[in-house]
Amino acid sequence: MLLHGTALKWGLRLQNFLGMFKLLILFIVVGTGFLALCGHVRIVPPPRNFEHIFEGTKFDTSSLCMCLYNVLWSYVGFSNVNYALSEVKNPKRTICIAGPLAIGIVTVLYLLTNIAYFAGASKEEITGSGRLVAALLFRNVYGPQAERVLSAFVALSALGNILAVIFSQGRVIQELGRECILPFSKIWASNRPFNAPLAGLSLRWFTILHVNADLLTSRLEWFVCVVMMLTLPPGDAYNFVINTISYPLSVINALISFGIIYLSCISRPASWPPVGLFAQVAAFAFGCANVFLFVAPFVRPPPGGQPYEVLPYWTHAAGGWAVFGLGLLYWFMWAMVLPWWYGYRLVRVEKRRDGGHVGYTFKQIPL
């Protein structure tokens, strides 16, 4: 938080370094797997995963949905750039080049990494050990001591992810402050004194300390975290958290995808830029896929296809809609109850911000 809030350039340098380090880790994993695949390292007993490769595969609605959640989660980090487009030089050109290039490189590395896993660990070890597959690969190829090295790799990779998420969250909170949606919006919208959103990054810290006057939000956040830590079964906790994050994203992604088609083909406002046919087809396909992802969790899985060991199969879907419910409660209090109580109405107006770009904010107009 302090690094991104006080020394923006150094935070980005560390973040970029750790991103390159992640790629290096993937190259090491891929190289390790191909050493085993080519027979340069002897693994006893040999995995033989490429014989009858689809044996024991489950193919049902629930299993497919859970797989897609995990696949999308592997790529979700790229969306962080969308929260900071105002800080990107020539964002349209940069995203058009960096987007396909980054996704393409990572996709190839992910595919090769999975081949490496199959080459270095047996199917029984992968499904039954309860350990990281990469840890099994390093242990089988380099010996037990190599697992400690992998643990350091995983820790540094997690640090890179934390830095990227903190970087993007600060911008999201800052933008909500600029639109006057949060209490004390001028504070959260500020870039002072280090030309970085230190106040936005500090919001979570303030809510933990109960310094923020928005006591309802801080108590709700504290309550949700405590409930999740104390009530989730150990075997289901990680999958539940990932699925509960992915489920609301699927709903939002579907709405945005079909919204693009609506604005391009039906509404066509004057301020809406033209969207090509290929982009519209891609938006439609992506929207349909996300509709599947938020409808499928309500379909009862067949025996052996349950996504959780203890929790009901629909738990993350209920948790996702609960998240929307909390947001709706906040909106109702902010947009309906408080204006009625204090006698004003909210009006969305244009406002020129620092840097010359035009944004929007909400003003309170007395009745």
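In this text, all values refer to a predicted model and were calculated from it rather than measured experimentally.

Definitions and limits used
- Residues numbered from 1 in each chain as written.
- Predicted model: local features only at pLDDT ≥ 70, side-chain atom pairs only at ≥ 80, totals over all residues.
- Heavy atoms only, no water.
- Helix = DSSP H or I, 4+ residues; strand = E, 2+ residues; numbered from the N terminus.
- Contact = heavy atoms within 4.5 Å.
- Areas by Shrake-Rupley, 256 points an atom, 1.4 Å probe, with all protein chains shown as cover.
- Expected span 1.5 Å × (residues − 1).
- Buried < 20%, exposed > 50% of the residue type's maximum accessible area, 1.4 Å probe, protein only.
- Axes fitted to C-alpha atoms, helices over the stretch in contact; angles between N-to-C directions.
- Parallel < 35°, antiparallel > 145°, perpendicular 65-115°, else oblique.
- Left-handed = near helix turned anticlockwise from the far one by under 90°.
- Core = buried A, V, L, I, M, F, W, Y, C linked by side-chain atoms within 4.5 Å.
- Polar contact = N/O pair within 3.5 Å; in protein donor to acceptor, adjacent residues only side chain to side chain.
- Phe/Tyr/Trp six-rings, centres within 6.5 Å; stacked < 30°, edge-to-face > 60°.

Caption draft 1: A look at the overall build of the protein chain. Of regular secondary structure, the protein chain possesses 13 helices and two strands. Restricting to contacts in the protein chain with at least 6 residues of sequence separation, those with at least 24 account for 61%. Accessible surface computed for the protein chain: about 23200 Å², of which carbon and sulfur atoms make up 70%.

Caption draft 2: Geometry of helix H2 (residues 8–37). The terminal C-alpha atoms of H2 lie 43 Å apart, and with 30 residues this matches the ideal 44 Å at 1.5 Å per residue to within 8%. Turning to H2, its buried residues are Leu8, Gly11, Gln15, Leu18, Phe21, Ile25, Leu26, Val29, Val30, Thr32, Gly33 and Ala36. Glycine 39 sits one or two positions beyond H2 and adopts a positive phi of about 85°.

Caption draft 3: Up close: the packing of H2 against helix H6 (residues 133–142). Where H2 meets H6, the closest approach of the two axes is 10 Å, and the angle between their N-to-C directions is 50°. Between H2 and H6, the interaxial angle falls into the category oblique. Seen from above, H2 lies across H6 with left-handed handedness. Between H2 and H6, the contacting residues are Ile28, Val29, Thr32, Gly33, Leu35 and Ala36 on the first element and Leu137, Phe138, Val141 and Tyr142 on the second.

Caption draft 4: Structural context of the nonpolar core. Judged by nonpolar contacts, the single largest core of 14 residues is most densely connected at Ile25, Val29, Leu137, Phe138, Val141, Leu150 and Phe153. Mapped by element, the contributors of at least two residues to this core are H2, H6 and helix H7 (146–178). The leading source of residues in this core is H6, at five residues. When sequence neighbours within four positions are dropped, the list of residues in contact with valine 29 reads Thr113, Ala116, Tyr117, Leu137 and Phe138. Core analysis: the second largest hydrophobic core is formed by ten residues, Met66, Tyr247, Val251 and Phe294 among them.

Caption draft 5: Structural context of the side chain of asparagine 140. With respect to the secondary-structure elements, asparagine 140 resides in helix H6. From its side chain, asparagine 140 meets the backbone oxygen of glycine 120 in a polar contact 2.8 Å long. Those residues in contact with asparagine 140 that lie beyond four places of it in its chain are Ile43, Gly120, Ala121 and Glu125.

Caption draft 6: Spotlight on the packing of aromatic side chains. For the structure shown, the criterion picks out eight aromatic pairs. Their ring planes at 80° and their centres at 5.6 Å tell us that phenylalanine 21 and phenylalanine 153 sit as a pair that is edge-to-face. Of this pair, phenylalanine 21 sits in helix H2 while phenylalanine 153 sits in helix H7, and the two are 132 residues apart along the sequence. Overall, the relative accessible area of 17% leaves phenylalanine 153 in the buried class. Ring centres 5.4 Å apart and planes at 45° place the aromatic pair tryptophan 321 and phenylalanine 324 in the tilted group. Taken as a pair, tryptophan 321 and phenylalanine 324 lie in helix H13 (residues 315–342) at a separation of three residues, close to a single helical turn. A relative accessible area of 26% means that phenylalanine 324 is categorised as partly exposed. Taken together, the aromatic side chains of Tyr247, Trp321 and Phe324 make up a single cluster linked through ring pairs.

Caption draft 7: Geometry of the packing of H2 against helix H4 (residues 91–120). Relative to each other, H2 and H4 sit at 40°, their axes nearing to 8 Å. Overall, the two elements H2 and H4 adopt an arrangement that is oblique. Crossing handedness for the pair H2 and H4: left-handed. Within the contact between the two elements, H2 uses Leu23, Leu26, Phe27, Val29, Val30, Gly33, Phe34, Ala36 and Leu37 and H4 uses Leu109, Tyr110, Leu112, Thr113, Ile115, Ala116, Tyr117, Ala119 and Gly120.

Caption draft 8: Representation of the environment of asparagine 49. With respect to the secondary-structure elements, asparagine 49 resides in the loop between H2 and helix H3 (61–75). For asparagine 49, a relative accessible area of 6% gives the class buried. Placed 68 residues apart in sequence, asparagine 49 and tyrosine 117 show a C-alpha to C-alpha distance of 9.5 Å. Once you skip the residues sitting within four places of it in the chain, asparagine 49 turns out to touch Phe118, Ala121, Ser122, Lys123 and Ile126.

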